[in-house]
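Descriptive structure summary
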Amino acid sequence: MKIKFLPLILIFAAMVSCGNSGDNPDQSADLAKPEKDNQKISYAIATMIANQIKADSIDLDYDYFLLGLKNVIEGDSLMLSQEEMQEVMNKHQQKVMESQKAKMLEDQKKMQMADSVNKERGPKFLEENKKKPGVKVSASGLQFEALKEGSGKTPAKDEMIKVNIKGMFIDGTVFDDSEQRQKGGIEIPVSAPGLFLGLIEGFQMMKEGGKYRLVLPPEIGSGKEARPPFPANAVLIFEVELLEITGKAPAMNQQPGMQQAPPPPPGN
């Protein structure tokens, strides 16, 4: 398993090569937005270090962290030898690997349990849901319900649409909510590569201004195999609000309808 871990001493050395303004690195309170190039590169490198520390779950001691920065930048004697630093780095990497392995095994266990539950609960949920007033079932098995009928146009397969969309498992757990990430709707092709077949079908049933509840069996949803975050045989529920048709979709090389998760909104 590959660990993305860049030893901090190498980053410190990079900071030295970028130059030093002579400012005391400990004096960081109440600083204005960086304007000079040396201020910007200093801040940028600091955020890179911070992101790496955060990603590797390092229990950081700020005093020694800042002291290490100061020692390298100012050419002071280091308090640890190269052998001691390499030893603690190796120890940390081993800890990260063990943590990642444990998490992977736990995730696999959860997926297996969810698969067992879905095989039992999924068909029962579909059978009960289709009997509810207002719910209709298409030839593909898509269950759809008009929460609000629209009065505009119906999108074609080759058009772009702007929608609000929320995805849930049958226990009500939300796995995606576009409004939480982007207000005013996300713009996607009706038959975008990666969209579930059930969504592509459902979009073309709606009219602008409408809101539908779509229930996708595994065959037209995430499939019968586990595809994190989707367990095997998952029945998926989507609430879709079709805001508008925005025009023709660009030409695409991939075939739509792959059983994968909907693409995230731009910028995510």
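Each chain has its residues counted from 1, following the order in which its sequence is written. Totals for whole chains, interfaces and linings use all residues, but because this is a predicted model, local features are given only for residues with pLDDT of at least 70 and pairs of side-chain atoms are given and counted only at 80 or more. Only heavy atoms go into the side-chain values, all of them from the structure, while hydrogens and water stay out.

1. Quick notes on the overall build of the protein chain
For clarity, the cut-off: We count a stretch as a helix when DSSP gives it H or I for four or more residues in a row; a strand needs E for two or more, and each element gets its number in order from the N terminus. Classification of residues uses two cut-offs on accessible area relative to the type maximum, computed with a 1.4 Å probe and protein chains only: under 20% is buried, over 50% is exposed, and between them is partly exposed. Should any heavy atoms of two residues lie within 4.5 Å, those residues are considered in contact. Note on areas: Shrake-Rupley with a 1.4 Å probe; residue coverage comes only from the protein chains shown.
Across its full length, the protein chain carries six helices and seven strands. Taken from the N to the C terminus, the helices and strands of the protein chain come in the order α-α-α-α-β-β-β-β-α-β-α-β-β. With 268 residues in all, the protein chain has 34% of them scored as buried. Across the protein chain, contacts joining residues at least 24 apart in sequence account for 74% of those joining residues at least 6 apart. By element, 52% of the accessible surface of the protein chain is carried by carbon and sulfur atoms, the whole surface being about 16,900 Å².

2. Topic: helix α2 (residues 37–55)
We count it as follows: Helix span is expected to be 1.5 Å times the residue number reduced by one. To obtain the arc, one takes the directions from the helix axis to the C-beta atoms.
Its 19 residues give α2 an end-to-end C-alpha distance of 27 Å, which sits within 8% of 27 Å, the value for a rise of 1.5 Å per residue. Among the residues of α2, those classed as buried are Ile45, Ile49, Gln52 and Ile53. Take α2 and look down its axis: the buried residues cluster within an arc of 100°, on one side only. Away from its buried face by more than 90 degrees, α2 exposes Tyr43, Asn51, Lys54 and Ala55.

3. Quick word on the environment of Val235
Looking at the element boundaries, Val235 is found in the loop between β6 (211–216) and β7 (236–248). A relative accessible area of 4% means that Val235 is categorised as buried. Separated by 14 residues in sequence, Val235 and Gly221 place their C-alpha atoms 7.4 Å apart. When near neighbours in sequence (up to four residues on either side) are disregarded, Val235 contacts Gly122, Phe125, Leu126, Met168, Phe169, Ile170, Val215, Leu216 and Pro218.

4. Things to note about the pattern of salt bridges
Keep this limit in mind: A pairing counts as a salt bridge when a side-chain nitrogen of Lys or Arg comes within 4 Å of a carboxyl oxygen of Asp or Glu.
This structure, assessed with the given rule, holds seven salt bridges. The salt bridge partner of Glu244 is Lys162, with a shortest N-O separation of 4.0 Å. Highlighted residues: Glu244 in strand β7 and Lys162 in strand β3 (residues 159–169), separated in sequence by 82 residues. Take Glu244: its relative accessible area is 33%, and that puts it in the partly exposed class. Overlapping salt bridges, with partners in common, bring together Lys70, Glu74 and Asp76 in one network.

5. Comments concerning the environment of Gly172
Structurally, Gly172 is set in the loop between β3 and β4 (174–177). Its relative accessible area of 41% is what places Gly172 among the partly exposed residues. With 64 residues separating them in the primary sequence, Gly172 and Leu236 have C-alpha atoms 9.9 Å apart.

6. Notes on unusual backbone geometry
In this structure, Asn233 is a non-glycine residue whose phi angle is positive, near 60°. Residue placement: Asn233 occurs in the loop between β6 and β7.

7. Some details on a nonpolar patch on the surface
For the record, the criterion: Nonpolar side chains (Val, Leu, Ile, Met, Phe, Trp, Tyr) are joined into patches within 5 Å and like charges within 9 Å, using only residues with over 30% relative accessible area and no salt bridge.
A grouping of Tyr64, Met79 and Leu80 is seen on the molecular surface, where their side chains present a nonpolar patch of about 360 Å² in accessible area. If you trace the backbone, Met79 turns up in the loop between α3 (62–73) and α4 (82–129). A relative accessible area of 56% places Met79 in the exposed class.

8. A look at the nonpolar core
As a reminder of what qualifies: For our purposes a nonpolar core is just a set of buried Ala, Val, Leu, Ile, Met, Phe, Trp, Tyr and Cys residues, chained together by side-chain atoms within 4.5 Å.
Formed by 27 residues in total, the largest nonpolar core has its most connected members in Leu199, Phe203, Leu214, Phe238 and Val240. Elements with a contribution of two residues or more to this core: β3, β5 (186–189), α6 (197–203), β6 and β7. Ranked by size, the runner-up nonpolar core spans seven residues in total, among them Leu126, Ile170, Val235 and Ile237.

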